[in-house]
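A look at the structure
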Amino acid sequence: MADDVFKALADPTRRKILDELTERNGQTLFEICARLTTRHGLGSSRQAISQHLAVLESAGLIRTRRQGRYKFHDLTTEPLERIVARWLKPDAPESGE
């Protein structure tokens, strides 16, 4: 599972998608494409962004939900929290003290 998360995060476009979902969760594909174009100057096709969203979804970083004919994308942080918990121990003293 962690390998999928790292693979998903390795691409700068996917990181920008996650940034946009962090700022405003629950966006449609059209909204994500528009924000990537206007805010980041990315001219990727809707199909390319859809493929990026599929990678993020398979890594567990986003979830989709349908409402009528619209499909909304929501950020999910659980995979990142598991990775952080794996290496960061909250009770461990910091080195150098």
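Each remark here, short or long, concerns the structure printed above.
Fair warning: this is a prediction, and the values are worked out from it, not measured in the lab. Note on numbering: residues in each chain are counted from 1, in written sequence order. Under the rules for a predicted model, residues below a pLDDT of 70 receive no local features and side-chain atom pairs below 80 are neither given nor counted, while totals for whole chains, interfaces and linings still include all residues. Side-chain numbers come from the whole structure's heavy atoms, not from hydrogens or water.

1. Some remarks on the nonpolar core
Definition used in this section: a nonpolar core is a set of buried Ala, Val, Leu, Ile, Met, Phe, Trp, Tyr and Cys residues joined via side-chain atoms within 4.5 Å. A 1.4 Å probe rolled over the protein chains alone gives each residue an accessible area, and that area as a share of the maximum for its type sets the label: buried under 20%, exposed over 50%, partly exposed in between. In this structure, Ile-17, Ile-32, Ile-49, Leu-53, Leu-56, Leu-61 and Ile-62 are the most contacted members of the largest nonpolar core, which totals 16 residues. When residues in this core are grouped by element, the largest group, 4 residues, is from helix 3 (residues 29-40). Residues are treated as being in contact if the distance between any of their heavy atoms lies within 4.5 Å. With residues near it in sequence (within four places) discarded, Leu-53 still touches Ile-17, Leu-29, Ile-32, Ile-62 and His-73. By the criteria applied, helices consist of DSSP H or I runs no shorter than four residues and strands consist of E runs no shorter than two, each listed in order from the N terminus.

2. Notes on the pairing of strand 1 (residues 62-67)
At least two DSSP bridges between two strands are required for those strands to pair. One ladder, built from 6 bridges, connects strand 1 with strand 2 (residues 70-75); its direction is antiparallel. Bridge pairing links Arg-65 to Phe-72 in strand 2.

3. Quick word on the side chain of Glu-20
Relative to the helices and strands, Glu-20 is located in helix 2 (residues 12-23). Residue classification places Glu-20 among the buried residues on the basis of a relative accessible area of 2%. Looking at Glu-20, its side chain comes within polar contact range of the side chain of His-40, at 2.8 Å. In protein, a polar contact requires one atom able to donate a hydrogen and another able to accept it; more generally it is a pair of N or O atoms within 3.5 Å, and residues adjacent in sequence count only if both atoms are side-chain atoms.

4. Quick look at the packing of aromatic side chains
For this analysis, a ring pair means two rings from Phe, Tyr or Trp (six-membered ring only for Trp) whose centres lie within 6.5 Å, classed as stacked if their planes differ by under 30 degrees, edge-to-face if by over 60, and tilted for the remaining angles. Enumeration according to the criterion identifies 2 aromatic pairs in this entry. Look at Phe-6 and Trp-87: their rings are 6.4 Å apart centre to centre, the planes differ by 45°, and that puts the pair in the tilted class. With Phe-6 in helix 1 (residues 2-9) and Trp-87 in helix 5 (residues 78-87), this pair connects stretches of sequence that are 81 residues apart.

5. A few points about a nonpolar patch on the surface
On the surface, Phe-6, Val-84, Trp-87 and Leu-88 cluster together into a nonpolar patch covering about 430 Å² of accessible area. Position of Val-84 relative to the elements: it lies in helix 5. Its relative accessible area of 43% is what places Val-84 among the partly exposed residues. Only residues above 30% relative accessible area that lack a salt bridge enter a patch, with like-charged residues linked at up to 9 Å and the nonpolar side chains Val, Leu, Ile, Met, Phe, Trp and Tyr linked at up to 5 Å. Reported accessibility uses the Shrake-Rupley method at a 1.4 Å probe radius. Residues are deemed covered only where the shown protein chains occlude them. Definition used for salt bridges: Asp or Glu carboxyl oxygen within 4 Å of a side-chain nitrogen of Lys or Arg.

6. Digging into the packing of helix 2 against helix 4 (residues 46-58)
Where helix 2 contacts helix 4, the axes come no closer than 10 Å and their chain directions differ by 80°. Considered as vectors, helix 2 and helix 4 are oriented roughly perpendicular to each other. Residue-level inspection shows Thr-13, Arg-14, Ile-17 and Leu-18 of helix 2 in contact with helix 4, the latter providing Ile-49, His-52, Leu-53, Val-55 and Leu-56. When grouped by side-chain class, the residues that make up the contact of helix 2 with helix 4 number 6 nonpolar, 2 polar and 1 charged. Fitting a line to C-alpha atoms yields each axis, with helices limited to the stretch in contact; the angle taken between N-to-C directions then spans 0 to 180 degrees. Angles below 35 degrees are treated as roughly parallel, those above 145 as roughly antiparallel, those between 65 and 115 as roughly perpendicular, and all remaining angles as oblique. Residue type decides the class: Asp, Glu, Lys and Arg count as charged, Ala, Val, Leu, Ile, Met, Phe, Trp, Tyr, Cys and Pro as nonpolar, and the leftover types, Gly among them, as polar.

The analysis is restricted to geometry; functional conclusions fall outside its scope.
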